[in-house]
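# Results of the structural survey
The lines below spell out each chain.
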Amino acid sequence: DAGVTQSPTHLIKTRGQHVTLRCSPISGHKSVSWYQQVLGQGPQFIFQYYEKEERGRGNFPDRFSARQFPNYSSELNVNALLLGDSALYLCASSWDRESWSYNEQFFGPGTRLTVL
Amino acid sequence: ELKVEQNPLFLSMQEGKNYTIYCNYSTTSDRLYWYRQDPGKSLESLFVLLSNGAVKQEGRLMASLDTKARLSTLHITAAVHDLSATYFCASGSNYKLTFGKGTLLTVNP
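Below you will find a few notes about this structure.

Cut-offs used in this document
- Residues numbered from 1 in each chain as written.
- Chains lettered and ligands numbered in written order.
- Predicted model: local features only at pLDDT ≥ 70, side-chain atom pairs only at ≥ 80, totals over all residues.
- Heavy atoms only, no water.
- Helix = DSSP H or I, 4+ residues; strand = E, 2+ residues; numbered from the N terminus.
- Contact = heavy atoms within 4.5 Å.
- Pairing = 2+ DSSP bridges.
- Axes fitted to C-alpha atoms, helices over the stretch in contact; angles between N-to-C directions.
- Core = buried A, V, L, I, M, F, W, Y, C linked by side-chain atoms within 4.5 Å.
- Buried < 20%, exposed > 50% of the residue type's maximum accessible area, 1.4 Å probe, protein only.
- Buried area = accessible area lost by both parts, 1.4 Å probe.
- Salt bridge = Lys/Arg side-chain N within 4 Å of Asp/Glu carboxyl O.
- Polar contact = N/O pair within 3.5 Å; in protein donor to acceptor, adjacent residues only side chain to side chain.
- Nonpolar A, V, L, I, M, F, W, Y, C, P; charged D, E, K, R; others polar.

## Section: the overall build of chain B
- Scanning chain B for helices and strands turns up 0 helices and 11 strands.
- Listing each helix as α and each strand as β along chain B from the N terminus yields β-β-β-β-β-β-β-β-β-β-β.
- Overall size of chain B, expressed as C-alpha extent along the three principal axes, is 40 × 30 × 20 Å.
- For chain B, long-range pairs separated by at least 24 residues make up 54% of all intrachain contacts whose partners lie at least 6 apart in sequence.

## So, the sheet that holds strand E6 (residues 55-58) of chain B
Residues and elements named next belong to chain B.
- The strand order across the open sheet formed by 5 strands is E1-E3-E8-E7-E6, and the pairing between neighbours is antiparallel. Looking at strand neighbours, the two that pair on one side only are strand E1 (4-7) and E6, the edges of this open sheet. The average angle at which neighbouring strand axes cross in this sheet is 15°, direction not considered.
- As paired elements, E1 and strand E3 (residues 19-25) share 4 bridges and run antiparallel to each other. Residue pairing in the sheet places glutamate 5 in a bridge with asparagine 24 of E3.

## Overview of the nonpolar core
Residues and elements named next belong to chain B.
- Counting residues in each nonpolar core, the largest one holds 24 residues, and the members touching the most others are Leu32, Trp34, Leu74, Ile76, Tyr87 and Leu105.
- Elements represented by at least two residues in this core include exactly strand E2 (10-14), E3, strand E4 (31-37), strand E5 (43-49), strand E7 (61-66), strand E8 (71-76), strand E9 (85-93) and strand E11 (103-108).
- Non-local contacts of isoleucine 76, meaning those with residues more than four positions away in its chain, are made with Met13, Lys17, Asn18, Tyr19, Ile21, Arg60, Leu61, Leu83 and Leu105.

## Points about the interface of chain A and chain B
- Counting residues at the interface gives 23 residues for chain A, matched by 22 residues for chain B.
- Carbon and sulfur atoms make up 58% of the surface buried where chain A meets chain B, a total of about 1,700 Å² over both sides.
- If you look at where chain A meets chain B, you find 0 salt bridges.
- Along the contact surface separating chain A from chain B lie 4 residue pairs in polar contact (both at pLDDT 80 or more).
- Looking at the side of chain A that touches chain B, the elements that each hand over two or more residues are strand E4 (31-37), strand E5 (44-50), strand E6 (53-57) and strand E9 (87-94) of chain A.
- Sort the elements by how many residues they give to the side of chain A that touches chain B and E6 of chain A lands first, with 3 residues.
- Split by residue class, the side of chain A that touches chain B holds 9 nonpolar, 10 polar and 4 charged.

## Describing the pairing of strand E8 (residues 74-78) of chain A
Residue and element names in this part refer to chain A.
- For E8, the buried fraction is high: 5 of the 5 residues fall into the buried class.
- Side-chain alternation along E8 places Ser74, Leu76 and Val78 on one buried face and Glu75 and Asn77 on a second face that is also buried.
- Of the strand pairs in this sheet, strand E3 (residues 19-24) and E8 are connected by 5 bridges, and their pairing is antiparallel. Bridge assignment links arginine 22 to a residue of E8, and that residue is glutamate 75.
- Examined bridge by bridge, strand E7 (residues 64-68) and E8 share 5 bridges and lie antiparallel to one another. Paired with serine 65 across the two strands is asparagine 77, which belongs to E8.
- What sits between the antiparallel neighbours E7 and E8 is a turn of 5 residues, in which tyrosine 72 has the positive phi angle 75°.

## Re the sheet that holds strand E1 (residues 5-7) of chain A
Residues and elements named next belong to chain A.
- As summarised here, the arrangement of the 4 strands in space is E1-E3-E8-E7, forming an open sheet in which the pairing is antiparallel. Each edge of the open sheet carries a strand with a single partner, namely E1 and E7. Direction aside, neighbouring strands of the sheet carry axes that sit 15° apart on average.

## Observations concerning unusual backbone geometry
All names here are of chain A.
- The amide bond that connects serine 7 to the next residue, proline 8, takes the cis arrangement and shows omega of -10°.
- With respect to the element layout, proline 8 can be found in the loop between E1 and strand E2 (10-13).
- Residue glutamate 51 is not a glycine yet carries a positive backbone phi of 50°.
- With respect to the secondary-structure elements, glutamate 51 resides in the loop between E5 and E6.
- Here alanine 80, not a glycine, exhibits a phi torsion of approximately 45°, which is positive.
- Take alanine 80: it is sitting in the loop between E8 and E9.

Scope: geometric values only; no functional claims are made or implied.
In structure tokens:
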């Protein structure tokens, strides 16, 4: 089975632009989470979506938004890019039920975003 | 708010030696994860620890969990160069993972 896939692999943008990152979960997984990993730090939680609804949001500004589609793939959108948004953006999928239970998250290869 | 602290943040080891990475978390959590990350790569799941006293081993790595002390350890036995990477612990609560800052492990000959 294919793992979590993300596109694009790398992206270079300039300040003020908008970016859309895409994620396809493992087949059968209904939950997708997004994390931001700044160089030298651990990943930080941005969003989790389950069955197309936002289930949780981390401490990120409203410039960050996401959605999940009927096929459980997901997009992360970032508006008005800042230099500080440069990071590795990781998507993780998990098989989930309505309540939090044993729910291992499997990470994709990430999208490296550079903001100039 | 859940906080996860790892130490040490940097670890330079000699091949064949043993060492331990410590992971403390601040509030009660459902589970504890250990991940490995190679430079420029994504996260590879190593262990998921679900209950107090849980111990898991894979090759030269062994992870344990003490929920009363809110402490997990990752023990490395007889380090080899292939283990050089950054290791993260993460605690799961509700719907998100909170990660530590990571331990950069370098194994020298």
